[in-house]
Amino acid sequence: MSAQKLTTDEAAGVGALVGLFLIPGMIVIAIATGGLRAWVLTRLWAWFVLPVFPAAPRLTWVGAFGLLWTFGLFFVHIEQRAIPKSERRDFWDQVFEGVFVSLLSLGLGWLFHIAFRV
């Protein structure tokens, strides 16, 4: 059995097929991690903002998702300008960091909420 080399057209077809499945999967993962961050924000808002400012509006999951998305547009753009392309993190590093930071924030916030009954 010998390895066959792909022609340029075949390689382009394989690349397009991989992109067809990879890009929607990345979008789903990005929405899921954003949803997790939004849910964590709603919990932290309910634990720490509402007791201090009772007149503040209740933050829904959709509202939190929209806030994170809106602020993300500004801060991601600023972050990308500040970091050279050679030092930027890849997609999976960003997903791991987003999930890890969200769960860490939720856990520490819950401990603080329980310990001090804020």
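Residues numbered from 1 in each chain as written. Predicted model: local features only at pLDDT ≥ 70, side-chain atom pairs only at ≥ 80, totals over all residues. Heavy atoms only, no water.

Here the focus is the overall build of the protein. Along the protein, the regular secondary structure elements total three helices and zero strands. Looking at the 118 residues of the protein, the share that counts as buried comes to 14%. Carbon and sulfur atoms make up 72% of the accessible area of the protein, which totals about 9,400 Å². (Helix = DSSP H or I, 4+ residues; strand = E, 2+ residues; numbered from the N terminus. Buried < 20%, exposed > 50% of the residue type's maximum accessible area, 1.4 Å probe, protein only. Areas by Shrake-Rupley, 256 points an atom, 1.4 Å probe, with all protein chains shown as cover.)

Looking now at the packing of aromatic side chains. Summed over all chains, the structure comprises six aromatic pairs. On the numbers, 5.8 Å between centres and 55° between planes, the contact of phenylalanine 48 with phenylalanine 112 is tilted. Of this pair, phenylalanine 48 sits in helix H1 (residues 8-49) while phenylalanine 112 is found in helix H3 (residues 91-116), placing the two residues 64 residues apart along the sequence. The class for phenylalanine 112 is partly exposed, based on a relative accessible area of 41%. Arranged with centres 6.0 Å apart and planes meeting at 75°, the rings of phenylalanine 65 and tryptophan 69 form a pair that is edge-to-face. Highlighted residues: phenylalanine 65 and tryptophan 69, both in helix H2 (residues 61-82), separated by four residues, approximately one helical turn. Taken together through their ring pairs, the aromatic side chains of Trp47, Phe48, Phe112 and Phe116 make up a single cluster. (Phe/Tyr/Trp six-rings, centres within 6.5 Å; stacked < 30°, edge-to-face > 60°.)

Next up on the list: a nonpolar patch on the surface. On the surface, Phe96, Phe100, Val101, Leu104, Leu108, Trp110, Leu111 and Ile114 cluster together into a nonpolar patch covering about 800 Å² of accessible area. Looking at where leucine 104 falls in the secondary structure, it is placed in helix H3. (Patch = residues over 30% accessible without salt bridge, like charges linked within 9 Å, V, L, I, M, F, W, Y side chains within 5 Å. Salt bridge = Lys/Arg side-chain N within 4 Å of Asp/Glu carboxyl O.)

Its 26 residues place the ends of H3 37 Å apart at the C-alpha level, agreeing with the 38 Å of an ideal helix rising 1.5 Å per residue. A positive backbone phi angle near 45° is found at arginine 117, which sits one or two residues after H3. (Expected span 1.5 Å × (residues − 1).)

Tracing the chain through its elements places threonine 33 in helix H1. Threonine 33 has contacts with Val95 and Val99, leaving out every residue within four places of it along the chain. (Contact = heavy atoms within 4.5 Å.)

Its location among the elements puts leucine 68 in helix H2. Considered as a pair, leucine 68 and arginine 37 are 31 residues apart in the sequence and their alpha carbons are 8.0 Å apart. Setting aside its immediate chain neighbours within four residues, leucine 68 contacts Gly34, Arg37, Ala38 and Leu41.

In this section: the environment of glycine 63. With respect to the element layout, glycine 63 can be found in helix H2. Note on glycine 63: relative accessible area 28%, which makes it partly exposed. Taking the C-alpha atoms as reference points, glycine 63 and leucine 41, 22 residues apart in sequence, are found 9.9 Å from one another.

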